[in-house]
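As a plain string of letters, each chain reads:
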Amino acid sequence: MAFNDHLNSAKQSTMSFFRKLFIGLLVIVLIGIAIIFVLTQFPYSEGDRAGVVSKLSTKGYVIKTTEGELNVGAQGQVGNMSNNLWAFTIAGGNDELEKQMADAMTSGKRVKLHYEQRYLKFFWMGDTDYFITRIDAATN
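Model, not experiment: these values are computed from the prediction.

## Side note on the nonpolar core
Point 1. Grouped together as the largest cluster of nonpolar side chains are 13 residues, with contacts concentrated most on Phe88, Met101, Leu113 and Ile132.
Point 2. Mapped onto this core, the elements with two or more residues apiece are β3 (85-90), α2 (95-107), β4 (110-118) and β5 (130-137).
Point 3. Among residues more than four places away in sequence, those in contact with methionine 101 are Val53, Leu56, Phe88, Ile90, Leu113, Ile132 and Ile135.

## Side note on the pairing of strand β2 (residues 65-71)
Along any regular strand the residues' side chains alternate between the sheet's two faces.
Point 1. With six of its seven residues buried, β2 lies for the most part within the structure.
Point 2. If you look at the hairpin formed by strand β1 (residues 43-59) and β2, you'll find five residues sitting between the two strands, and glycine 60 has a positive phi there, around 120°.
Point 3. As defined by bridge partners, β2 adjoins β3 across six bridges and the pair is classed as antiparallel. When the sheet's bridge partners are listed, glycine 68 is paired in β3 with phenylalanine 88.

## Structural notes on the pattern of salt bridges
Point 1. Following the criterion strictly, the structure yields four salt bridges and no others.
Point 2. Lysine 99 serves as the salt-bridge partner of aspartate 103, at 3.2 Å between the closest nitrogen and oxygen. Of the two residues, aspartate 103 and lysine 99 are both situated in helix α2; the distance of four residues between them amounts to about one turn of the helix.
Point 3. A relative accessible area of 43% places aspartate 103 in the partly exposed class.

## What about the packing of aromatic side chains?
Point 1. Counted according to the given criterion, the structure contains six aromatic pairs.
Point 2. With a centroid separation of 5.1 Å and 55° between ring planes, the pair formed by tryptophan 86 and tyrosine 115 is classed as tilted. Of this pair, tryptophan 86 sits in strand β3 while tyrosine 115 is found in strand β4, placing the two residues 29 residues apart along the sequence. Here the two residues tryptophan 86 and tyrosine 115 agree in accessibility, since each one is buried.
Point 3. For the ring pair tryptophan 86 and tyrosine 130, a centre distance of 5.3 Å and an interplane angle of 55° mean the geometry is tilted. Of this pair, tryptophan 86 sits in strand β3 while tyrosine 130 sits in strand β5, and the two are 44 residues apart along the sequence.

## Some thoughts on the layout of surface pockets
Point 1. Estimates place the volume of the largest pocket at around 180 Å³.
Point 2. In terms of lining residues, the largest pocket is bounded by 13 residues, among which Ile90, Ala91, Gly92, Gly93 and Met125 are the most central.
Point 3. Its residues placed into classes, the lining of the largest pocket shows six nonpolar, four polar and three charged.

## Here we look at the pairing of β4
Point 1. The element β4 is extensively covered by neighbouring structure, given that seven of its nine residues are classed as buried.
Point 2. As paired strands, β1 and β4 are joined by nine bridges and run antiparallel to one another. Directly across from glycine 47, in β4, lies its bridge partner tyrosine 115.
Point 3. As paired elements, β4 and β5 share seven bridges and run antiparallel to each other.

The rules behind each value
- Chains are numbered independently. Their residues run from 1 in the order of the written sequence.
- At least 70 in pLDDT is required for a residue's local features to be given in this predicted model, at least 80 for side-chain atom pairs to be given and counted, and no such filter applies to totals for whole chains, interfaces and linings, which use all residues.
- For the side-chain quantities, the full set of heavy atoms in the structure was used; hydrogens and water were omitted.
- Nine residue types can take part in a nonpolar core, namely buried Ala, Val, Leu, Ile, Met, Phe, Trp, Tyr and Cys, and a core is a set of them joined through side-chain atoms within 4.5 Å.
- For every residue, the accessible area (1.4 Å probe, protein chains only) is compared with the maximum for its type, and the residue is labelled buried under 20%, exposed over 50%, or partly exposed between those bounds.
- Only runs of H or I of at least four residues qualify as helices and only runs of E of at least two qualify as strands under DSSP, and these elements are numbered from the N terminus.
- Residue contacts are counted whenever heavy atoms from the two residues lie within 4.5 Å of one another.
- At least two DSSP bridges between two strands are required for those strands to pair.
- Here, a salt bridge means any side-chain nitrogen of Lys or Arg that lies within 4 Å of a carboxyl oxygen of Asp or Glu.
- Each Phe, Tyr or Trp ring (for Trp, its six-membered ring) is paired with any other whose centre lies within 6.5 Å, and the angle between the two planes then decides the class: stacked below 30 degrees, edge-to-face above 60, tilted in between.
- Here a cavity is any set of points on a 1 Å grid over the protein atoms alone where a 1.4 Å probe fits but cannot get out, and a pocket is any open set with protein on both sides within 12 Å along at least 5 of 7 lines; a residue lines the site when it has an atom within 4 Å of a point.
- Grid points are joined across faces, edges and corners, and a volume is the space filled by probe spheres set on the points.
- Just so you know the grouping, Ala, Val, Leu, Ile, Met, Phe, Trp, Tyr, Cys and Pro go in nonpolar, Asp, Glu, Lys and Arg go in charged, and all remaining residues, Gly too, go in polar.

Shown next, in the form of structure tokens:
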């Protein structure tokens, strides 16, 4: 009987060790996920870019994102100046902003885009680090 008691004690201490190890690893993983989530939600840079919206497309097989390009340089080749295209992403679920962007592209007028640059992003958030938050008519 003493051997069985010793075996049961060893089994309990081993199970206790692996339970504590599993809980510790789970806590570390959850803290890591929380930190990554926070880093994807808060911008580290904000700014404005002005130009003409030259491209707007919806990309993705399952998770759709709206991507675009803003021509911040000259239209076409003018002397030494060439097109300077700036890629951006419209944050998901902002249908009003997508409509305003499509109208701006159709009209061909200059616009000013306010953007936030995120430190990290998940692959389903878009192709670029620049997320458009507002569109205004550019002042010439």
